[in-house]
Amino acid sequence: MNEKKIYSAHAAILTANVIFGLGVPVTKFLLDQWVTPMTYMASRCLGATIIFWVISWFLPKEHVERRDLLVIMAGGLLGFVISQTLTAWALEFTTPVYYSLIATLTPIATMLMAAMFLGESITREKSLGVILAIAGAALLVFVGWKSGTGSNDLLGIVLTILSVLTWVVYLLITRKVSQKYTAVTQMKWIFLVSTIAVLPFSWNEFPQTALYGGQFGWDGALAMLFIIVFATVLGYFTIPYAMRYLKATTVSIYTNIQPVVASLIAIAIGQDVFTWDKPVAAILVLLGAWFVTRKE
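Described in the following lines is the structure provided in the data block. (Residues numbered from 1 in each chain as written. Predicted model: local features only at pLDDT ≥ 70, side-chain atom pairs only at ≥ 80, totals over all residues. Heavy atoms only, no water.)

**Digging into the overall build of the protein chain**
And step 1. Broken down by element type, the protein chain carries 13 helices and zero strands.
And step 2. The order of α-helices and β-strands along the protein chain, N terminus first, is α-α-α-α-α-α-α-α-α-α-α-α-α.
And step 3. By the burial criterion, 53% of the 296 residues in the protein chain qualify as buried.
And step 4. Summed over all atoms, the accessible surface of the protein chain reaches about 13800 Å², with 69% contributed by carbon and sulfur. (Helix = DSSP H or I, 4+ residues; strand = E, 2+ residues; numbered from the N terminus. Buried < 20%, exposed > 50% of the residue type's maximum accessible area, 1.4 Å probe, protein only. Areas by Shrake-Rupley, 256 points an atom, 1.4 Å probe, with all protein chains shown as cover.)

**Some points on the nonpolar core**
And step 1. Ile 13, Leu 30, Val 35, Tyr 40, Phe 191, Tyr 236 and Ile 239 are the most contacted members of the largest nonpolar core, which totals 56 residues.
And step 2. Taken together, the elements giving at least two residues each to this core come down to helix H1 (3-33), helix H2 (37-57), helix H3 (66-93), helix H7 (153-173), helix H9 (183-202) and helix H10 (218-243).
And step 3. Looking at this core element by element, the count peaks at eleven residues for H10.
And step 4. Beyond its immediate sequence surroundings of up to four residues, Ile 239 is in contact with Ile 13, Phe 20, Trp 167, Tyr 170 and Leu 171. (Core = buried A, V, L, I, M, F, W, Y, C linked by side-chain atoms within 4.5 Å. Contact = heavy atoms within 4.5 Å.)

**Side note on the pattern of salt bridges**
Pairs can form between side chains of opposite charge once their charged atoms are near each other.
And step 1. Per the stated rule, a full pass over the model turns up three salt bridges.
And step 2. Of the charged contacts in the structure, one is a salt bridge between Lys 180 and Glu 65, with a shortest N-O distance of 4.0 Å. Taken together, the positions of Lys 180 in the loop between helix H8 (175-178) and H9 and Glu 65 in the loop between H2 and H3 put the pair 115 residues apart, joining distant regions of the chain.
And step 3. Residue classification places Lys 180 among the partly exposed positions, given a relative accessible area of 43%.
And step 4. By relative accessible area, which is 42% here, Glu 65 ends up partly exposed.
And step 5. Between Lys 180 and Asp 68 there is a salt bridge whose closest N-O contact spans 2.7 Å. (Salt bridge = Lys/Arg side-chain N within 4 Å of Asp/Glu carboxyl O.)

**Considering the side chain of Ser 202**
And step 1. By the element assignment, Ser 202 lies in helix H9.
And step 2. Given a relative accessible area of 0%, Ser 202 falls into the buried group.
And step 3. Residues contacting Ser 202, with those up to four places away along its chain left out, are Met 38, Thr 39 and Ala 42.

**Some words on a nonpolar patch on the surface**
And step 1. Together, Phe 216, Trp 218, Leu 222, Leu 225, Val 229, Phe 230, Leu 234 and Phe 237 make up an exposed nonpolar region whose accessible area comes to about 790 Å².
And step 2. With relative accessibility at 47%, the residue Leu 225 sits in the partly exposed group. (Patch = residues over 30% accessible without salt bridge, like charges linked within 9 Å, V, L, I, M, F, W, Y side chains within 5 Å.)

**Structural notes on the packing of H2 against H9**
And step 1. Viewed as axis vectors pointing N to C, H2 and H9 meet at an angle of 145°, and their least axial separation amounts to 8 Å. Here H2 runs over H9; the crossing is left-handed. Residues Met 38, Thr 39, Met 41, Ala 42, Cys 45, Leu 46, Ala 48, Thr 49, Phe 52, Trp 53, Ile 55 and Ser 56 of H2 form the contact with H9, whose participating residues are Val 184, Met 187, Lys 188, Trp 189, Phe 191, Leu 192, Ser 194, Thr 195, Val 198, Leu 199, Phe 201 and Ser 202.
And step 2. Here the contact of H2 with H9 is built from residues that sort into 17 nonpolar, six polar and one charged. (Axes fitted to C-alpha atoms, helices over the stretch in contact; angles between N-to-C directions. Left-handed = near helix turned anticlockwise from the far one by under 90°. Nonpolar A, V, L, I, M, F, W, Y, C, P; charged D, E, K, R; others polar.)

**Thoughts on H7**
And step 1. Taking 1.5 Å of rise per residue, 21 residues should cover 30 Å, and H7 covers 30 Å from first to last C-alpha, within 8% of that figure.
And step 2. Restricting attention to buried positions, one finds in H7 the residues Asp 153, Gly 156, Ile 157, Leu 159, Thr 160, Ser 163, Val 164, Thr 166, Trp 167, Val 168, Tyr 170 and Leu 171. (Expected span 1.5 Å × (residues − 1).)

**What about H3?**
And step 1. Here H3 is 28 residues long and its end C-alpha atoms lie 40 Å apart, about the 40 Å a rise of 1.5 Å per residue gives.
And step 2. Taking the largest bend as the criterion, H3 deviates by roughly 25°, centred on Leu 77. (Bend = angle between axes of the 7 residues up to and from the residue.)

**Section: the packing of aromatic side chains**
And step 1. Per the counting criterion, the structure on display carries twelve aromatic pairs.
And step 2. The rings of Phe 20, Phe 52, Phe 80, Trp 167, Tyr 170, Phe 191 and Tyr 236 are connected pair by pair, giving a single aromatic cluster.
And step 3. The ring of Trp 53 has Lys 188 sitting right over it, with the charged end atom 4.5 Å from the ring centre. (Phe/Tyr/Trp six-rings, centres within 6.5 Å; stacked < 30°, edge-to-face > 60°. Lys NZ or Arg CZ within 6 Å of the ring centre and 35° of its normal.)

**Focus: the side chain of Thr 49**
And step 1. In this structure, Thr 49 sits in helix H2.
And step 2. A relative accessible area of 9% places Thr 49 in the buried class.
And step 3. For Thr 49, the side chain forms a polar contact with the side chain of Thr 195, separated by 2.8 Å.
And step 4. Residues within four places of Thr 49 in sequence aside, it is in contact with Phe 191, Leu 192 and Thr 195. (Polar contact = N/O pair within 3.5 Å; in protein donor to acceptor, adjacent residues only side chain to side chain.)

Structure follows, in structure tokens:
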């Protein structure tokens, strides 16, 4: 395999996760002041659909087999609609730091699901990694339940875990089709089916939000533009590209960058406070991820 393409795939997924990390506090800001979870999702879906279809008009047409199209669409419903809706709901109840720390369980969840459904082996070292990561997550759940700074950290953490699981399923089921088609071809279909799925449930909420209901503000509009253009279009464009040259487990490792970026920004702008459990949990979860993916 071309070594330059492998390096570019690593650079792409690194960029995506830095953007996703920045997107966590931006999403929290939007949900607190400007939009509801469903209008947030509908904005992302509709904006990304328009952008990807316009881009596709200027590129060579790519025929997608019906069977592969069903996989791409199913992956879109899981990896974007369900996973990101759960993320939006989670950030209504918990803080960006708690959310992003739980999101670092992605490599562990990927390994466990790969073992369950693809027959991949789990070594003692990987088992130790799973135990450490679960201990870190359990610490966050316990402290969040007792004295978290979110409105309902326990519920937010549970929703985050469900978001991670659906994202992992997306990575696994779209691995093969990601190697056959370009990122634009995949994304235009993923976001089209996502828009069709989300818009009916969010249409009536648009007039009730501050951003779309007559209280327009440039800070809200620019934050939503960042989410659509960078955290959705650019971020999700890089994922299928990286999946063409890297393993799903390798791609999931880069999720560990998100809590670093999200936590620094969230604490800096006052969305969260620094408490003892966060660095301890981070060490446990990241150490667990290192044991699971050390060979990668």
